[in-house]
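# A structural walkthrough
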Amino acid sequence: MTPEQLRDLVRTAVAAVVERGTLAVAVPDDVLVERPKNPEHGDYATNVALRLAKPAGMPPRAVADLLAEELRAQPGVARVDVAGPGFLNVTLAQGALGQIAVRAVTAGEGYGRTDTLAGQRLNLEFVSANPTGPVTLGSTRWAAVGDALARLLESSGAEVSREYYVNDAGAQIERFARSLQAVALGRPVPEDGYQGDYVGEVAARVVADEPGLLERPEDEQVAVFAERGVAAMVADIRSTLEGFGVRYDTFFSERTLHESGALEKAVATLREQGHVFEADGAVWLRTTVFGDDKDRVLVKADGEPTYFAADCAYYLDKRARGFDRVVIMLGADHSGYVGRYKALVAASGDDPDTHLEILIGQLVNLVRDGEPVRMSKRKGNFVLLTDLVDAVGTDAARYALARASVDQTIDIDADLWSRRTNDNPVFYVQYAHARISSVLRNAADLGLALGEAGDVDAGLLVHERENDLLRAIGEFPRVVTSAAELRAPHRVARYLEELAGTYHRFYDACRVLPRGDEEATPLTTARLWLCAATAVVLRNGLGVLGVSAPERM
């Protein structure tokens, strides 16, 4: 019996007591079932009686007694104790816990997937670094976390569209184009321009693709360098991210908003809502009425639209494409952006709490000689995604970046994450999967197969270490769901490390395969199912993080 099945059983018990008229409450849509900290308190615990006591007008322990009596009569339940102020501690019948392994193996890739977020259509925008340089370490964190979050949300039933917003309009593109032109002509790069080896490489590609470019008028040169240079950078960014296992559904060009009239349409829409006014020759959006610290300019006095106007148009475009919720991942330097974006959503007639979600992430450093390497895209002194991958590998890079909560600044120790030892977290988890794969291969060599689900006697899995592992496996669907709801992929990584440790302790205490002339027993088969179930969870969990599950190491 999995925690989800027990949760349903508890709800059924509540419904039965309500139907008999001994408890006057609404049956809750969800019930909390969790593992108690002390194993002596049973396999699982629930606080449902405490939740229902107030609406029922009864003492919590009285409600708990009613539910305990109902649960004790249910198949698969061996014992129910009322503890403390009204907690229910549930001990499953022998064999009921073992069915978790059977369910995990049978479900395979589907184990851990739920429909909790079914019906939600989300647009997830992440990375979206300016197309004026290669993907840096700072952006790499969002690549790893954003892709893991998309996988989590999909595992919980949501429909997710991954989007990269290409900032290919504005002053930074002009500076980038003039930097390319200067390098191509052998001139010094403008003081506010971009530097680094990549500038010369991109400039050379543009010149090669446009014969005679340097003989054209300078304004024409700048226009070509802008268009071709940005296209080259976007292609490089896309290729780099795909090599990192991150693929987008849409690369959305900011320039198309300017060219299609979307900005003018957005201003008109906001004007219809009654929140646009004119002052000092400019067009403004009255965002202060929605909690922003000041009103925002949409169109400057010279007729030039602002970046904020493009943001308004981009949000409205996403909503027009049918997305229920717009999720945007931003770096710490954009934390002041949250208030104005919420205000524009409210000004458009939407509910910021329903239709918008902004996640702010902190910085990441690659540690060298105990000191973080400083990054600056313009000066060319920066650590790239490819540098990180070269130092530790794709799997370790993705795992290291997704393993910490995004609100924490992290240092990546290249030496630690490149080790093939148990103090390297990703190695520790992957090694557990490889160890199980080896066990299953050896079993096959001995002619031992899992067989059909109905042939395994899961009730034989009664050892303390077996039960610890079964409970851990049973937690996986809840971990995935909570990680998706909290936008916290790091919870999956930490869970996998605990699961790997639990498996290693089981393997050390419980012999799986027969030795020498020993005959295989039904317990052998049950333990093979337990091993296979653990492998399923490790594989699925690593898959959520975009990390491989090797069968040999």
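Residues numbered from 1 in each chain as written. Predicted model: local features only at pLDDT ≥ 70, side-chain atom pairs only at ≥ 80, totals over all residues. Heavy atoms only, no water.

As annotated in an unreviewed UniProt entry, the protein chain carries the name Arginine--tRNA ligase and comes from Geodermatophilus aquaeductus. Check the Sequence similarities (unreviewed entry) section of the UniProt entry for the protein chain; it says "Belongs to the class-I aminoacyl-tRNA synthetase family." (UniProt positions renumbered as here; feature names shortened; annotations may be inferred.)

Every buried residue of helix H4 (residues 99-107) is accounted for by Ile100, Ala101, Val102, Ala104 and Val105. Contacts made by the buried residues of H4 are with strand S2 (44-46), helix H18 (464-485) and helix H20 (522-544). Taken from the residues just after H4, Gly108 is the one with a positive phi, measuring 60°. (Buried < 20%, exposed > 50% of the residue type's maximum accessible area, 1.4 Å probe, protein only. Helix = DSSP H or I, 4+ residues; strand = E, 2+ residues; numbered from the N terminus. Contact = heavy atoms within 4.5 Å.)

Moving on: the pattern of salt bridges. For the structure on display, the rule yields 32 salt bridges. Linking Arg178 and Glu174 is a salt bridge whose minimum nitrogen-to-oxygen distance equals 2.8 Å. Placement of the pair is Arg178 and Glu174 together in helix H6 (residues 171-185), with a separation of four residues, close to one helical turn. Under the relative-accessibility criterion, Arg178 is labelled partly exposed at 32%. Between Arg296 and Asp292 there is a salt bridge whose closest N-O contact spans 2.7 Å. Taken individually, Arg296 and Asp292 each receive the classification buried, so the pair is uniform in this respect. (Salt bridge = Lys/Arg side-chain N within 4 Å of Asp/Glu carboxyl O.)

A few words on the packing of aromatic side chains. A complete count under the given rule lists 17 aromatic pairs for this structure. Look at Tyr164 and Tyr248: their rings are 5.5 Å apart centre to centre, the planes differ by 85°, and that puts the pair in the edge-to-face class. Taken together, the residues span a long stretch of sequence, with Tyr164 in strand S6 (residues 159-166) and Tyr248 in the loop between helix H8 (218-243) and strand S7 (250-253) at a distance of 84 residues. Across this residue pair, the class does not change: Tyr164 and Tyr248 are buried. An aromatic cluster of at least three residues, connected via ring pairs, comprises Phe126, Tyr164, Tyr248 and Phe251. In this arrangement the basic side chain of Arg121 is found over the ring face of Phe323, its NZ or CZ atom lying 4.4 Å from the centre. Here the guanidinium or amino end of Arg238 rests over the ring plane of Phe251, the centre of that ring lying 4.1 Å away. (Phe/Tyr/Trp six-rings, centres within 6.5 Å; stacked < 30°, edge-to-face > 60°. Lys NZ or Arg CZ within 6 Å of the ring centre and 35° of its normal.)

Here the protein chain is described as being made up of domain 1 (3-92), domain 2 (98-112 + 421-545) and domain 3 (171-241). For domain 1 versus domain 2, the distance between C-alpha centres works out to 29 Å. Contacts between the two partners involve eight residues from domain 1 and, on the opposite side, nine residues from domain 2. For the domain 1 and domain 2 pair, buried surface summed over both sides reaches about 790 Å², with 45% attributable to carbon and sulfur atoms. When the buried area of domain 1 at its contact with domain 2 is split by residue, Pro3, Glu4 and Arg35 rank highest and sum to 53% of it. In this assembly, domain 1 and domain 2 are joined by one salt bridge. With a shortest N-O distance of 2.6 Å, Asp43 and Arg471 are connected by a salt bridge. At the junction of domain 1 with domain 2, the criterion picks out one residue pair in polar contact (both at pLDDT 80 or more). Among the elements that take part in the side of domain 1 that touches domain 2, helix H1 (residues 3-20) stands out by supplying four residues, more than any other. Looking at side-chain class alone, the side of domain 1 that touches domain 2 contains three nonpolar, one polar and four charged residues. (Domains from an automatic or database assignment. Buried area = accessible area lost by both parts, 1.4 Å probe. Polar contact = N/O pair within 3.5 Å; in protein donor to acceptor, adjacent residues only side chain to side chain. Nonpolar A, V, L, I, M, F, W, Y, C, P; charged D, E, K, R; others polar.)

Axis separation between helix H14 (residues 385-392) and helix H15 (residues 394-402) bottoms out at 7 Å; the angle between their running directions is 110°. Looking at the two axes, H14 sits roughly perpendicular to H15. In the crossing of H14 with H15, the sense of the turn from one axis to the other is right-handed. On the side of H14, the interface is formed by Leu388, Val389 and Val392, while H15 contributes Thr394, Ala396, Ala397 and Leu401. (Axes fitted to C-alpha atoms, helices over the stretch in contact; angles between N-to-C directions. Parallel < 35°, antiparallel > 145°, perpendicular 65-115°, else oblique. Left-handed = near helix turned anticlockwise from the far one by under 90°.)

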